[in-house]
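Chain residues, written in single-letter form:
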Amino acid sequence: MYTYEVKKINLSKVNNLDEYWDAVNKAQIKYCKGLKEVKEYCGGKLHRERCGYAGINGNIEYVAIRCE
């Protein structure tokens, strides 16, 4: 079973690209074991992207990347 690093990015105060990258750098990180735990933490299934999984739920963006 793989471990995933999940970033929880708050988009409520983001109006431009600089504010977005600032929010990404300040994002809370949680480590989840398996995609089932990622789904429970995010409140839904994330979409498969090139290097991991990503999705938006309300004003929160979740980005999950598999750790080695």
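About the criteria used
- Residues numbered from 1 in each chain as written.
- Predicted model: local features only at pLDDT ≥ 70, side-chain atom pairs only at ≥ 80, totals over all residues.
- Heavy atoms only, no water.
- Helix = DSSP H or I, 4+ residues; strand = E, 2+ residues; numbered from the N terminus.
- Rg over C-alpha atoms; globule rule 2.2 N^0.38 Å.
- Phe/Tyr/Trp six-rings, centres within 6.5 Å; stacked < 30°, edge-to-face > 60°.
- Buried < 20%, exposed > 50% of the residue type's maximum accessible area, 1.4 Å probe, protein only.
- Lys NZ or Arg CZ within 6 Å of the ring centre and 35° of its normal.
- Core = buried A, V, L, I, M, F, W, Y, C linked by side-chain atoms within 4.5 Å.
- Contact = heavy atoms within 4.5 Å.

**Some remarks on the overall build of the protein**
Then, in step 1: A count of helical and extended segments in the protein gives two helices and five strands.
Then, in step 2: Put simply, the protein runs from its N terminus to its C terminus through helices and strands in the order β-α-β-α-β-β-β.
Then, in step 3: Its C-alpha radius of gyration of 12 Å places the protein within 12% of the 11 Å reference for a compact globule of 68 residues.
Then, in step 4: Along the first, second and third principal axes, the C-alpha set of the protein runs to 35 × 25 × 20 Å.

**Let's talk about the packing of aromatic side chains**
Then, in step 1: Per the counting criterion, the structure on display carries three aromatic pairs.
Then, in step 2: On the numbers, 5.3 Å between centres and 75 degrees between planes, the contact of Tyr20 with Trp21 is edge-to-face.
Then, in step 3: By relative accessible area, which is 48% here, Trp21 ends up partly exposed.
Then, in step 4: Measuring from ring centre to ring centre gives 6.0 Å for Tyr41 and Tyr62, while their planes differ by 75 degrees; the resulting arrangement is edge-to-face. Of this pair, Tyr41 sits in helix H2 (residues 35-42) while Tyr62 is found in strand E5 (residues 60-67), placing the two residues 21 residues apart along the sequence.
Then, in step 5: Over the face of the ring belonging to Tyr53 we find Arg48, whose NZ or CZ atom lies 5.2 Å from the ring centre.

**Quick look at the nonpolar core**
Then, in step 1: Ranked by size, the top nonpolar core spans 10 residues in total: Tyr4, Val6, Cys32, Val38, Cys42, Leu46, Tyr53, Ile60, Tyr62 and Ala64.
Then, in step 2: Counting only elements with at least two residues in this core, the list comes to strand E1 (3-10), H2 and E5.
Then, in step 3: It is E5 that provides the largest number of residues to this core, a total of three residues.
Then, in step 4: Aside from chain neighbours lying at most four places away, what touches Ala64 is Glu5, Val6, Val38, Leu46, Gly52 and Tyr53.

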